[in-house]
Amino acid sequence: MSGSVWLDQSFTVFKSSEVTSMKRTVSVTVNGVAHQNEVEPRLLLVHYIRDVLGLTGTHIGCETSICGACTVILDGQSVKSCTMFAVQADGANVTTIEGMAANGDLHPVQEGFWEQHGLQCGYCTPGMIMAAAQILERNPDPTEADIRHGLEGNLCRCTGYQHIVEAVQNAARRMKGESATGD
Amino acid sequence: MAKYVGQRIKRTEDPRLIQGLGHYVDDIKLPDTLHVAFLRSMYAHARIKSIDTSEASHAPRVVAVYTGADVAGKIGSVPCAGALPGLKIPNYTVLATDHVTFVGHPIAAVVATDKYAARDAIDLIMVDYEELPVVVDVEEAAKGAPLVYEEYGDNIAYTLTSGEGDIEAALAGADHVLKQRIVHQRLIPIAMEGRGVLARYYPGEKELTIWTSTQIPHLARTQLAIMLGVPENKVRVIAPEVGGGFGSKLNVYAEEGLVSWISMQLGKPVKWIEGRRENIQATIHGRGQVGYIEVGCNNDGTITGLRYNVFADMGAYLQLLTPAIPTLTGLMLSGCYKIPAIQMNVTAVFTNKMSTDAYRGAGRPEATQVIERAADLIAAHLGMDPVDVRRKNFPEPDEFPFKTATGLFYDSGNYQGALDKALGMADYKKMREDQKKAREQGRVVGVGVSTYVEICAIGPSQATPAGGWESATVRIEPTGKVTILTGASPHGQGQETSFAQLAADELGVDLNDVTVIHGDTSIVQYGIGTFGSRGTAVGGTAVFNALQKLKEKATELAAHLLGADASSVAFKEGRFSVEAAMAAAGGNGDAGTEAPAPKSVSIQEVALAAHVAHQIPPGFEPGLSATNFFEPANFTFPFGTHIVQVEIDRETGQIDIQRYVAVDDCGKVLNPMLVDGQVHGGIVQSIGQALYEEAVYDDQGQLVTGTLMDYAIPKAAMIPWLELDRTETPSPVNPMGVKGVGEAGTIGATPAIVGAIVDALSPFGVRHLDMPIKPENVWRIISAQA
């Protein structure tokens, strides 16, 4: 089967002007707030979050699902919002970095990153924190290897990861109600 | 012990960053912003016969399309600060006109009301290319064909010989001369935030504001003002939150000039945010040297001389510091050894690739790799322990300042001290015993040692293209809050915290009462920026000096308020008080019938009095601020020892770093947690260079490693636990004794990793391996002998 036949049968090619006229409605709850917007079907979830909702804490680092700077929690699962369309999030419940602190209190993972110097430039940090929160939700007592494995979808170029590993360990202790310093 | 300085203080930057509340360029939203997308060359070398933008211009939501012809003569060229004799600087226009010389070379810019529309319209531009022969390999390029620039007649940007001593005699008289070809592969910096520019021009005020992700806001302002023909005092450059740089943002880029110019043309804010693919193609690369080592040594391991003939890959254009990078290699070839004669011969070469420039370490990792590999080659040749070769050639601590044959004076050092500490931490003797046992069991185990020195605190102005000083203003506001304006431009290093620590201790105020402002040329006095491990050693010293000036001024006013002579006023923990003797004498001075002067006054009260100015001594300048421009007398030379133990899987060639021990000496430490963070990050970038990273162009100049799926920066699970410690040898170059640490990891680490792998494979006859050392290469070596 030639590529062109397959393409012709499977896809309809739109000109960009037509795409823009085909807006869809999405309803997404982000950090507990319900939103409804008309968006282009091709609008990436990360652009919806950043540009439509104005929540710029979620960053874009690679556009290929490698770096994880855009990680958010969608219906309980960490996802890379740069490789998902906003329309795919229709009806979903999304938590971004801005939704992590509650009532003025930092999330334990945020506390851990601050305490252990788990960030330098801060660009990967929101995604790291979202991924780390997911790791701890699945495994409250991860080993160093568990943490490193769990963070494989998130790149950091500044810290060399060691302080990030310690930040997640620190957060694990906080979430178990132990002394954060491990004393 | 100081309350803040030297302590592990949590960063004041972090609360905004961990909540996603920081503002990087793309987080700044201005109404009516237009968005730019670039069409970039898909060929490494081609003539542009024609460009047709008509369809793109009429695409939905497109506002304008610009090509090289549209901007020719209207925007100055991309600047290069090189000043080497005979240097050829190609004219790097912000958009190519008829000649593209690397994949990613910008050809046209589309401006649209949203970024999707801009990107769509890029595909509607028709370019008729005539492909030209491509030259990719640096040694091929040096031979002269094909030519990147016909008009030059060759591909040589410059040649340079540096070093001192009689190298011919040194090599001729040596018991042994060892030779080795060495490749320092091209690397891609990959700051997690790519570049980004937002420009806004107010035609009434004639003010241009440029938010750009840069390490050098003031230098960028000067250069952009020149490029755009706008008075420098009408240009405001703001480096907002900057998501990493590693040298890649120590530059002035075509896109910064062009996006600003477009904003001036259209009268609206204009934004361009670099995609990762663009970042990999068109933001500067690092390293890229192919060299030939000749090292002479005597039978006892004494190094007699070192020659390094190197082909340095410039890429197609010279960015800001491109030609300067190999000169830094030349300066540091002596490593931490006494070498009587050193010579470097540089052939700097144009190729059809992106420009190289400063990537973390910038020429010094190459030097360390050269001299440390040379030391290992000597050890292997003479059957000596690599530690003994190093120790044999160290200068003693009392030989500092130590003059090298590369023309430097190392400020201070105790190389033996750092080595001994690292050997102790690693239990080196046991490592070697374990290695012997492991080999008997058929396992492939190796140990590598690197003793490095680096050149930091760049630098004295005489040794830099323009201005090696740094500036700081410290002022106390009427409410007692302390503001520091620093010319440094931190972007992750944490100087909002460490500079605040300095001020809090010196002024006796709470850390949270200090704010550090940087990266805004309309707020901060002229500064140089953050690179070359200079932030704290030069910028921090300027803060320290300004604090001393500020205290002098405050003391003068406090004395007046206390009715005492300044010489009798003591300052401690935020309060000025008259010393006991003066207090006993009464101390109401010439206040006459007024109430007796207080015995002490807080610095906040002094600050208020300085602004209210009702009660100031004659001739006292109201306000309370002080500025220092600190010009360092020398570079600083941090050093250390890294020890690595690896085990290699015979079946797969997989390299497992089992131990990583590092002892670094960066002089006086302001915040040990931040220093550890810098060392960790640098070592991991070195692990990337040693094992994973390489910018690969194919023979047609296509960038094969064009995304993060192909260019392998280390992930968390690829990194071992790093065991760190420090020695602390103060620098005499600045009053705090700070040396700098930003690049230590990338300079000191690769030779230890490579050395360990070569050591592991030495039973297979291996004496040297070039980076990145991949499992496949290792497997081939092992299987060839199996």
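Residues numbered from 1 in each chain as written. Chains lettered and ligands numbered in written order. Predicted model: local features only at pLDDT ≥ 70, side-chain atom pairs only at ≥ 80, totals over all residues.

This next bit is on the overall build of chain A. Counting its secondary structure elements, chain A contains 7 helices and 5 strands. Counting from the amino terminus, chain A carries its helices and strands in the arrangement α-α-β-β-α-β-β-β-α-α-α-α. Within chain A, the fraction of its 183 residues that count as buried is 52%. Across chain A, the fraction of contacts at a sequence separation of at least 24, relative to all contacts at a separation of at least 6, is 59%. (Helix = DSSP H or I, 4+ residues; strand = E, 2+ residues; numbered from the N terminus. Buried ≥ 20, exposed ≤ 12 C-beta atoms within 10 Å, placed from the backbone. Contact = placed C-beta atoms within 7 Å.)

Our focus in this paragraph is the pairing of strand β2 (residues 33-39) of chain A. All names here are of chain A. Of the pairings in the sheet, the one linking strand β1 (residues 24-30) to β2 comprises 7 bridges and is antiparallel in character. The partner of Ser27 across the bridge, within β2, is Gln36. Between β1 and β2, which pair antiparallel in sequence order, lie 2 residues; one of them, Asn31, sits at a positive phi of approximately 50 degrees. (Pairing = 2+ DSSP bridges.)

Our focus in this paragraph is the environment of Asn139 of chain A. Here Asn139 of chain A is to be found in the loop between α5 (125-138) and α6 (144-150). Placed 33 residues apart in sequence, Asn139 of chain A and Ala172 of chain A show a C-alpha to C-alpha distance of 9.1 Å.

Our next topic: helix α7 (residues 217-228) of chain B. Residues and elements named next belong to chain B. When the terminal C-alpha atoms of α7 are compared, their 16 Å separation across 12 residues agrees well with the 16 Å that a helix rising 1.5 Å per residue should span. Within α7, 9 of the 12 residues are buried, which leaves it mostly tucked inside the rest of the structure. Taken together, the buried positions of α7 are Pro217, His218, Leu219, Ala220, Arg221, Gln223, Leu224, Met227 and Leu228. Where α7 is buried, its residues meet β10 (207-212), β11 (235-238) and α8 (254-266). Of the residues trailing α7, Gly229 is marked for its positive phi of about 70 degrees. (Expected span 1.5 Å × (residues − 1).)

Residues and elements named next belong to chain B. Both strand β2 (residues 46-52) and strand β6 (residues 126-131) contribute to a ladder of 6 bridges, which runs antiparallel. Note on β6: the bridge partner recorded for Ser50 is Asp128. Two strands pair when backbone bridges link them, and β2 and strand β4 (residues 99-100) are joined in this way by 2 bridges, in the antiparallel orientation. Following the sheet pairing, Arg47 is matched in β4 by His99.

We now examine the sheet that holds strand β1 (residues 34-40) of chain B. Residues and elements named next belong to chain B. Spatially, 7 strands are ordered β3-β5-β1-β12-β9-β10-β11 in an open sheet, and the strand pairing comes out mixed. Every other strand in the sheet has two partners, leaving β3 (62-67) and β11 as the edge strands with one partner each. For this sheet, the mean inter-axis angle between neighbouring strands, taken without regard to orientation, is 20 degrees. Relative to β10, strand β9 (residues 196-202) runs antiparallel, the two sharing 6 bridges. Bridge pairing in β10 places Tyr201 opposite Leu208. Together, β1, β3 and β5 (106-112) form the strand contacts of helix α4 (residues 115-122), whose direction differs from that of β1 by roughly 25 degrees. The sheet strands contacting α7 are β10 and β11, and the helix crosses β11 at an angle near 145 degrees. (Axes fitted to C-alpha atoms, helices over the stretch in contact; angles between N-to-C directions.)

Moving on: the domain arrangement of chain A. Residues and elements named next belong to chain A. You can read the domains of chain A as domain 1 (14-99) and domain 2 (108-175). For domain 1 and domain 2, the distance between their C-alpha centroids amounts to 23 Å. At the junction of the two partners, domain 1 supplies 14 residues and domain 2 supplies 11 residues. Counting residues per element, the side of domain 1 that touches domain 2 draws most heavily on strand β3 (residues 71-74), at 3 residues. Split into classes, the residues belonging to the side of domain 1 that touches domain 2 amount to 7 nonpolar, 7 polar and no charged. (Domains from an automatic or database assignment. Nonpolar A, V, L, I, M, F, W, Y, C, P; charged D, E, K, R; others polar.)

Hydrogen bonds between backbone groups are what pair the strands of a sheet, and the pairing can be parallel or antiparallel. Residue and element names in this part refer to chain B. Taken together, the 4 strands give an open sheet; going across it, the order is β18-β26-β27-β28, and neighbouring strands pair in mixed fashion. The open sheet has two edge strands with one neighbour each: β18 (444-453) and β28 (722-726). Going from strand to strand, the sheet's axes swing by 10 degrees on average, the running direction of each strand aside. By the bridge criterion, 10 bridges tie β18 to strand β26 (residues 639-648) in an arrangement that is antiparallel. Across the sheet, residue Gly446 finds its bridge partner in β26, namely Val646.

We now examine the interface of chain B and chain A. The interface is formed by 45 residues belonging to chain B together with 46 residues belonging to chain A. Where the side of chain B that touches chain A is concerned, the elements lending two or more residues are α1 (14-18), α4 and α19 (672-692) of chain B. Ranked by residue count, the leading element in the side of chain B that touches chain A is α19 of chain B, at 7 residues. Partitioned by chemical class, the residues of the side of chain B that touches chain A number 23 nonpolar, 13 polar and 9 charged.

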